[in-house]
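# Descriptive analysis of the structure
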Amino acid sequence: MSYVFFDLDKTLIRAQSQRLLIQVLYKRKLISFRTVWRLRFFFLSYKLHLVSQNRMEVLFEKAAELFKGVDVEQMRKVTHAFVFAEFADILNFKAVEELEKHISAGKQVVLTSGKDKVTHLAKYDFTGSFAYSDHHSDLPLLIKATYRYAVSPTRQLRDYAKSHGWFILE
């Protein structure tokens, strides 16, 4: 089976999904203003690699605690509405077009997000696979794939993709 790996943030959508979801949860009064800032600090620390991998487990648990008392079914409805309403305005149509092409061809699509993608995706066979990403930090994932696409790439990824003859989607 041929797999297609798509990064979500800044590849399929032109934004950071965590930031958008936090805004929606706050607007719907599911989280407090204080929780918004705590979550933003958490994601910033994670993104900037300010904490060790061992400490990340503890931080993920603390982030999950911020949602205590939130009704699970209500959260599910809000999240579903979030994906269909919020993503509609921020889709990267060229990347979505590629996604639809692969789905029509019967390929298995895997959405990826977060640090250490390759480690988490070790169970997949990359033979004949496709990978799409926007950021140079995803080079390990892109290198494992047979067909590589830099989507609205960072300068570093663009340079690497050009020098290696990879596809570039703007």
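Our focus in this paragraph is a nonpolar patch on the surface. Taken together, the side chains of Y26, F33 and W37 make up a nonpolar region of the molecular surface, amounting to roughly 350 Å² of accessible area. Relative to the elements of secondary structure, F33 occurs in helix 2 (residues 33-47).

Take the packing of aromatic side chains next. Summed over the entire model, instances satisfying the criterion amount to 12 aromatic pairs. In textbook terms, an aromatic cluster arises when at least three aromatic residues are bridged by ring pairs, as seen for F6, F130, Y132, Y147, Y149 and F167. Above the face of the W37 ring, R40 is positioned so that its terminal group lies 5.2 Å from the ring centre.

On to the packing of helix 1 (residues 17-27) against helix 4 (residues 72-86). Geometrically, a packed helix pair is captured by the angle between its two axes and the distance between the axes. Two numbers describe how helix 1 lies on helix 4: the axes approach to 11 Å, and their chain directions differ by 125°. Our classification of the angle between helix 1 and helix 4 gives oblique. Crossing hand, helix 1 versus helix 4: right-handed. Touching S17, L20, L21, V24 and L25 of helix 1 are M75, V78, F82 and E86, all from helix 4. Broken down by class, the residue content of the contact of helix 1 with helix 4 amounts to 7 nonpolar, 1 polar and 1 charged.

Take the pattern of salt bridges next. This structure, assessed with the given rule, holds 3 salt bridges. As a salt-bridge pair, D159 and R155 come within 3.7 Å of each other at their nearest N and O atoms. With D159 and R155 both in helix 8 (residues 155-163) and 4 residues apart, this pair spans about one turn of that helix. Here R155 falls in the exposed class, since its relative accessible area comes to 58%. Here E170 makes a salt bridge to R158, at a shortest N to O gap of 2.3 Å. Of this pair, E170 sits in the segment after strand 5 (167-169) while R158 is found in helix 8, placing the two residues 12 residues apart along the sequence.

Glancing now at the pairing of strand 4 (residues 147-151). As judged from the 4 bridges shared by strand 3 (residues 130-133) and strand 4, these two strands associate in the parallel manner. Note on strand 4: the bridge partner recorded for F130 is Y147. This β-α-β element, strand 3 to helix 7 (residues 139-144) to strand 4, shows right-handed connectivity. Across 3 bridges, the pairing between strand 4 and strand 5 is parallel. Each residue of the ladder has a partner; that of V151, found in strand 5, is L169.

Definitions and limits used
Residues numbered from 1 in each chain as written. Predicted model: local features only at pLDDT ≥ 70, side-chain atom pairs only at ≥ 80, totals over all residues. Heavy atoms only, no water. Patch = residues over 30% accessible without salt bridge, like charges linked within 9 Å, V, L, I, M, F, W, Y side chains within 5 Å. Areas by Shrake-Rupley, 256 points an atom, 1.4 Å probe, with all protein chains shown as cover. Salt bridge = Lys/Arg side-chain N within 4 Å of Asp/Glu carboxyl O. Helix = DSSP H or I, 4+ residues; strand = E, 2+ residues; numbered from the N terminus. Phe/Tyr/Trp six-rings, centres within 6.5 Å; stacked < 30°, edge-to-face > 60°. Lys NZ or Arg CZ within 6 Å of the ring centre and 35° of its normal. Axes fitted to C-alpha atoms, helices over the stretch in contact; angles between N-to-C directions. Parallel < 35°, antiparallel > 145°, perpendicular 65-115°, else oblique. Left-handed = near helix turned anticlockwise from the far one by under 90°. Contact = heavy atoms within 4.5 Å. Nonpolar A, V, L, I, M, F, W, Y, C, P; charged D, E, K, R; others polar. Buried < 20%, exposed > 50% of the residue type's maximum accessible area, 1.4 Å probe, protein only. Pairing = 2+ DSSP bridges. Right-handed = clockwise from strand over helix to strand, strands pointing away.

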